[in-house]
Amino acid sequence: MPATRLHLVRHGEVFNPERVLYGRLLGYRLSQAGRAMAAQAADYIAGLDRPVGALVCSPLQRTKESAQPFTARFGLAPVVDDRVIEPTNAFEGKRMRLAVLNPLNWRYLMRPSIPSWGEPFTSIAARMRAAMDDLWDETDDADAVIVSHQAPIWITHLSVAGEKLAHNPSTRRCALSSVTSFERHGGVWTEVGYAEPASTGSAVDVGAV
């Protein structure tokens, strides 16, 4: 039997006092509030009262730390999958409000439909679908959890819904430690739920790609 449901969980708040776009940069860990958010996401999935049989996370520190409450809850060691990582971005390490005012950076904004600032949306969708397909087939009659990032999760949502992948990043519905849930029937993915179980009212969320 394959999996029964797959949850894409975004990481919690990152300690980012300089408020830069951190992307794939190393050393960006969860804040104290972010750890609490990750625990709330794990509590939410535990509250669904469904067996969880697999846990995957991206190789970045913030997703590994966000997977820890799931390990504590379900006794699962997270498996790192590079395919669910944050996409590349030319603005890594920069404060976006300042970077977009610099004419030297305007070339990265020329074609937002690709996008010209980083990994193509089509590439992100393809690698996420491949990771989801593999995990679904490898999980035996239980739910599976992937701890990932805002852009990959939102682009997966658009892809599954059959919507255009090009979008304004500021319009994404993917809060910190949110849970976007999917099922696959007859090889077709369907989104079956979205939840924001974490308290994010005062969170700093400016570093997503």
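That block above? That's the structure.
Residues numbered from 1 in each chain as written. Predicted model: local features only at pLDDT ≥ 70, side-chain atom pairs only at ≥ 80, totals over all residues. Heavy atoms only, no water.

Draft legend 1. Representation of the sheet that holds strand β5 (residues 179-185) in the model. The strand order across the open sheet formed by six strands is β3-β2-β4-β1-β5-β6, and the pairing between neighbours is mixed. Edge positions in the sheet fall to β3 (79-80) and β6 (188-195), since each of these pairs with one other strand and no more. Inspection of the sheet shows strand β1 (residues 5-10) paired to β5 by four bridges, in the antiparallel sense. The residue of β5 that forms the bridge with H7 is S181. On top of the sheet, helix α2 (residues 61-74) reaches β1, β2 (52-57), β3 and β4 (143-148); it is set at about 165 degrees to β2, its chief contact. Packed on one face of the sheet, helix α5 (residues 150-161) meets β1, β4, β5 and β6 and runs near 140 degrees to β1. (Pairing = 2+ DSSP bridges. Helix = DSSP H or I, 4+ residues; strand = E, 2+ residues; numbered from the N terminus. Contact = heavy atoms within 4.5 Å. Axes fitted to C-alpha atoms, helices over the stretch in contact; angles between N-to-C directions.)

Draft legend 2. Spatial organisation of the nonpolar core. Ranked by size, the top nonpolar core spans 30 residues in total, and within it L6, L8, M132, L135, I146 and W189 carry the most contacts. Elements represented by at least two residues in this core include exactly β1, β2, α4 (121-138), β4 and α5. Take this core: its biggest share by element is eight residues, from α4. Non-local contacts of W189, meaning those with residues more than four positions away in its chain, are made with L6, R129, M132, D133, W136, V160, F182, E183 and R184. Of all hydrophobic cores here, the second largest spans 13 residues; its members include I45, L55, F70 and V147. (Core = buried A, V, L, I, M, F, W, Y, C linked by side-chain atoms within 4.5 Å. Buried < 20%, exposed > 50% of the residue type's maximum accessible area, 1.4 Å probe, protein only.)

Draft legend 3. View of the pairing of β1. Summarising burial for β1: six of the six residues are buried, a large majority. Burial along β1 is two-sided: the residues R5, H7 and V9 and L6, L8 and R10 are all buried. Sheet topology note: the β1/β4 ladder contains six bridges and is parallel. Paired with L6 across the bridge in β4 is A144.

Draft legend 4. Spotlight on the packing of α4 against α5. In the contact formed by α4 and α5, the axes pass within 9 Å of each other and the chain directions differ by 85 degrees. As the angle between them shows, α4 and α5 are arranged roughly perpendicular. Seen from α4, the contacting residues are F121, I124, A125, M128, R129 and M132; seen from α5, they are P152, I155, T156, S159 and V160. Looking at the contact of α4 with α5 residue by residue, the class counts come to eight nonpolar, two polar and one charged. (Parallel < 35°, antiparallel > 145°, perpendicular 65-115°, else oblique. Nonpolar A, V, L, I, M, F, W, Y, C, P; charged D, E, K, R; others polar.)

Draft legend 5. The packing of aromatic side chains, seen in detail. All told, the structure shown has four aromatic pairs when counted by the stated rule. Here F70 and F74 contribute two aromatic rings whose centre-to-centre distance is 6.4 Å and whose plane-to-plane angle is 25 degrees, an arrangement assigned as stacked. Residue F70 and its partner F74 are both found in helix α2; the two are separated by four residues, about one turn of the helix. Using a relative accessible area of 1% as the deciding quantity, one classes F70 as buried. Using a relative accessible area of 22% as the deciding quantity, one classes F74 as partly exposed. The ring of F15 carries the charged tip of R29 above its face, separated from the ring centre by 4.5 Å. Above the ring of Y194, the side-chain terminus of R173 is found at 4.0 Å from the ring centroid. (Phe/Tyr/Trp six-rings, centres within 6.5 Å; stacked < 30°, edge-to-face > 60°. Lys NZ or Arg CZ within 6 Å of the ring centre and 35° of its normal.)

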